[in-house]
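# Summary of structural features
Residue-level listing of the chains:
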Amino acid sequence: MSVQKTVRKVTTHVLQEMKERGEKISMLTAYDFSMARMIDHAGIDVILVGDSASNVMAGHETTLPITLDQMIYHAGSVVRGTDRALVVVDLPFGSYQGNSKEALNSAIRIMKESGAHAVKMEGGEEVLEGVKRILTAGVPVMGHLGLTPQSIYKFGTYNVRATEEQEAEKLIRDAKLLEEAGCFALVLEKIPSALAGTVARSLRIPVIGIGAGGDVDGQVLVVHDMLGINNEFSPRFLRRYLNLYDDIQLAVGRYIRDVKSRDFPSQQEQY
Ligand code: KIV
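What this report covers is the structure whose coordinates are included nearby. The model shown is predicted, which means the values in this text are computed figures rather than measured ones.

### Concerning the sheet that holds strand 4 (residues 118-122)
Read around the closed barrel, 8 strands run 1-2-3-4-5-6-7-8, paired in parallel fashion. Strand-to-strand, the axes of this sheet are offset by a mean angle of 25°, without reference to chain direction. Judged from the 4 bridges that link them, strand 1 (residues 25-29) and strand 8 (residues 218-221) form a sheet pairing that is parallel. Looking across to strand 8, one finds that Ile25 is bridged to Gly218.

Here it is in structure tokens:
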């Protein structure tokens, strides 16, 4: 008799329960089947198909160029590699800011064509109508405030956001609006940890931080950064768990030497 393991899938309700019992939420990005499989099997709670794919997968300087079709391709690959984690997909720049109907159509395409479980959108009051329309269609929405990379040309830098009172007050207002609209969680990127803690304590929904300190309900990192695949990006908030860039250089160097010296393939490695 085969014993089938049942996996308790992470849902938006599971994340809410985690916040309520004080269990921190772990979240990482992934953009392809193999990486999603590895981090899902390791037990990650949430996989974000981030528009950071534009940087780490496609080599663009910003997240602006990635298209909805490209996000759907990445998201479908991640969904096929995931058994347990909740898969959240970024709505890319230009796919939701125009009007709420456009936002809804983009979210529906992501859900229908990739099989993902939720979408993420950058911004507060400015995108609220779109957030509400997507939620009305039954699609869970994660908000994203603080440093919102799709607005990089408005900000001008990737520096810490909301250090001034006015911007901090707007962020608190936006966070409340997003929760009231029905968002199931919120990402806060690169803001002072005291402010992030205030927001996390004042909201019922989970708040997940990146560069927002430890006083929030969970953490997210870009997987290429934390594994050291990308070794050119070293912000203060990043903890590197591996140095895969160096390890891969060494492994590929050994392979090249083995091929050139005719050491590879050996007798055992051929038919
Ligand atoms: O696109 C992304 O990777 C993100 C995270 C940095 C939160 O939005």
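### So, the nonpolar core
Soluble globular proteins tend to bury their nonpolar side chains together. One finds Ile134, Leu186, Leu188 and Val199 to be the most contacted residues of the largest nonpolar core, which totals 59 residues. With 5 residues, the top contributor of residues to this core is helix 4 (residues 68-80). Grouped together as the second largest cluster of nonpolar side chains are 18 residues, Ile25, Met27, Val187 and Ile208 included.

### Side note on a nonpolar patch on the surface
A cluster of nonpolar side chains, Ile248, Val252, Tyr255, Ile256, Val259 and Phe264, forms an exposed patch at the surface whose accessible area comes to about 530 Å². Within the element layout of this structure, Ile248 appears in helix 11 (residues 244-260). With a relative accessible area of 45%, Ile248 lands in the partly exposed category.

### Observations concerning the site of the ligand
The environment of the ligand is formed by Thr29, Leu48, Gly50, Asp51, Ser52, Asp90, Lys120, His144, Glu189, Ile210 and Val222. Here an oxygen atom of the ligand sits 2.5 Å away from a polar atom, N or O, in the side chain of Ser52. Relative to its unbound accessible area of 260 Å², the ligand is 95% covered by the protein chains. The residue makeup of the shell around the ligand, split by class, is 3 nonpolar, 4 polar and 4 charged.

### Regarding the packing of aromatic side chains
One pass over the structure, following the stated rule, counts 1 aromatic pair. Its guanidinium or amino end placed over the ring of Phe155, Arg161 lies 3.8 Å from that ring's centre, counting from NZ or CZ.

### Some details on the pairing of strand 4
Burial within strand 4 is extensive, with 5 of its 5 residues counted as buried. Of the two faces of strand 4, the one holding Ala118, Lys120 and Glu122 and the one holding Val119 and Met121 are both buried throughout. With 3 bridges connecting them, strand 3 (residues 86-90) and strand 4 associate as parallel partners. Bridge pairing in strand 4 places Val88 opposite Ala118. Crossover strand 3 to strand 4 through helix 5 (residues 100-114) is right-handed. Alignment of strand 4 against strand 5 (residues 141-146), held across 4 bridges, turns out to be parallel. In the strand pairing of strand 5, Lys120 is matched with Met142.

### Topic: the pattern of salt bridges
Applying the stated rule across the entire model yields 12 salt bridges. Between Arg109 and Glu113 there is a salt bridge; the shortest N-O distance is 2.7 Å. A residue pair is termed a helical-turn pair when its members lie 3 or 4 positions apart in one helix, as Arg109 and Glu113 do in helix 5 at 4 residues. By relative accessible area, which is 30% here, Arg109 ends up partly exposed. For the salt bridge of Asp174 with Lys170, the shortest nitrogen-to-oxygen distance reads 2.8 Å. Placement of the pair is Asp174 and Lys170 together in helix 8 (residues 165-181), with a separation of 4 residues, close to one helical turn. Members of the salt-bridge network, linked through shared partners, are Asp69, Arg109 and Glu113.

Conventions adopted
- Residues numbered from 1 in each chain as written.
- Predicted model: local features only at pLDDT ≥ 70, side-chain atom pairs only at ≥ 80, totals over all residues.
- Heavy atoms only, no water.
- Pairing = 2+ DSSP bridges.
- Helix = DSSP H or I, 4+ residues; strand = E, 2+ residues; numbered from the N terminus.
- Axes fitted to C-alpha atoms, helices over the stretch in contact; angles between N-to-C directions.
- Core = buried A, V, L, I, M, F, W, Y, C linked by side-chain atoms within 4.5 Å.
- Buried < 20%, exposed > 50% of the residue type's maximum accessible area, 1.4 Å probe, protein only.
- Patch = residues over 30% accessible without salt bridge, like charges linked within 9 Å, V, L, I, M, F, W, Y side chains within 5 Å.
- Areas by Shrake-Rupley, 256 points an atom, 1.4 Å probe, with all protein chains shown as cover.
- Salt bridge = Lys/Arg side-chain N within 4 Å of Asp/Glu carboxyl O.
- Near = heavy atom within 4 Å.
- Polar contact = N/O pair within 3.5 Å; in protein donor to acceptor, adjacent residues only side chain to side chain.
- Nonpolar A, V, L, I, M, F, W, Y, C, P; charged D, E, K, R; others polar.
- Phe/Tyr/Trp six-rings, centres within 6.5 Å; stacked < 30°, edge-to-face > 60°.
- Lys NZ or Arg CZ within 6 Å of the ring centre and 35° of its normal.
- Right-handed = clockwise from strand over helix to strand, strands pointing away.

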